[in-house]
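Breakdown of the fold
As a plain string of letters, each chain reads:
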Amino acid sequence: MLLAGPAALRPDPAEAHSAPDSRTAIQLLAINDLHGNLLPVDGAAGRITHRGPAIQAGGLAQMATLLDDARAGRPNSLTLGAGDMIGGSPLISALFHDEPTVDALEELGLGVTSVGNHEFDEGPAELRRMVDDGCHPEDGCAPDTPYQGADSAYLAANVTERGSTIPLKRFALRRCHT
């Protein structure tokens, strides 16, 4: 017998009520457009006014606090990046080719990120180095230690290297802590 379409996916209502619930709630926390801003953004670009006095927002310390609060009591949380985590960065990160930002995102618990246009600011070879490891081809290692690469996956199902049809990386599997 061949079953196809939505009818094949529908469970028997009698079985649905008698079977134990094996679903697990998963919380996805997404961040994007960090652009290497390890510190709060100065001036009007970082000023937020909402129901009270203006605050200077941004930076990894504030983001870590917000993510910790969101994860509290929710062990099945996965933090995702939606691109532009690096590139277009201020001096504090750009001086070291965004290596400090990648390291800080690892400490923050970033599980996986997609690439945005700014991940390619220094070209595809530099993005590969950021993901894999190694010293910058022109500036060497900073500070005198080879860069270890990213622990989190950088995904781009629609990006291929010139002359290739193989995508950068299409997917990643992550285990939630149950």
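These numbers come from a predicted model, not from an experiment.

1. A few points about the overall build of the protein chain
The secondary structure content of the protein chain amounts to six helices and seven strands. For the protein chain, the succession of helices and strands along the chain, N to C, is α-α-β-β-β-α-β-α-α-β-α-β-β. In the protein chain, buried positions account for 31% of the 178 residues. Restricting to contacts in the protein chain with at least 6 residues of sequence separation, those with at least 24 account for 64%.

2. Concerning the nonpolar core
Ranked by size, the top nonpolar core spans eleven residues in total: L29, I31, L34, L38, L60, M63, L67, M85, L105, L108 and L110. Looking at this core, the element that brings in the most residues is helix 3 (residues 60-71), giving three residues. Beyond its immediate chain neighbours, meaning those up to four positions away, L110 contacts I31, T79, L80, G81, L105 and S152.

3. What about helix 5 (residues 99-108)?
Every buried residue belonging to helix 5 is among E99, T101, V102, L105, E106 and L108, and all of these are buried. Along its buried surface, helix 5 packs onto strand 1 (27-31), helix 3, helix 4 (91-94), strand 5 (110-114), helix 6 (124-131) and strand 6 (153-160).

4. Describing the pairing of strand 4 (residues 77-81)
Of all five residues in strand 4, four are buried, a share of seventy percent or more. For strand 1 and strand 4, the ladder comprises five bridges, and the chain directions are parallel. When the bridges of strand 4 are listed, L28 appears paired with L78. As paired strands, strand 4 and strand 5 are joined by three bridges and run parallel to one another. Bridge assignment links T79 to a residue of strand 5, and that residue is L110.

5. What to know about the pattern of salt bridges
This structure, assessed with the given rule, holds three salt bridges. Here E126 makes a salt bridge to R129, at a shortest N to O gap of 2.8 Å. With E126 and R129 both in helix 6 and three residues apart, the pair spans about one turn of that helix. Assigned by exposure class, E126 and R129 land together as buried. The network of salt bridges with shared partners includes E99, E126 and R129.

The rules behind the values
Residues numbered from 1 in each chain as written. Predicted model: local features only at pLDDT ≥ 70, side-chain atom pairs only at ≥ 80, totals over all residues. Heavy atoms only, no water. Helix = DSSP H or I, 4+ residues; strand = E, 2+ residues; numbered from the N terminus. Buried < 20%, exposed > 50% of the residue type's maximum accessible area, 1.4 Å probe, protein only. Contact = heavy atoms within 4.5 Å. Core = buried A, V, L, I, M, F, W, Y, C linked by side-chain atoms within 4.5 Å. Pairing = 2+ DSSP bridges. Salt bridge = Lys/Arg side-chain N within 4 Å of Asp/Glu carboxyl O.

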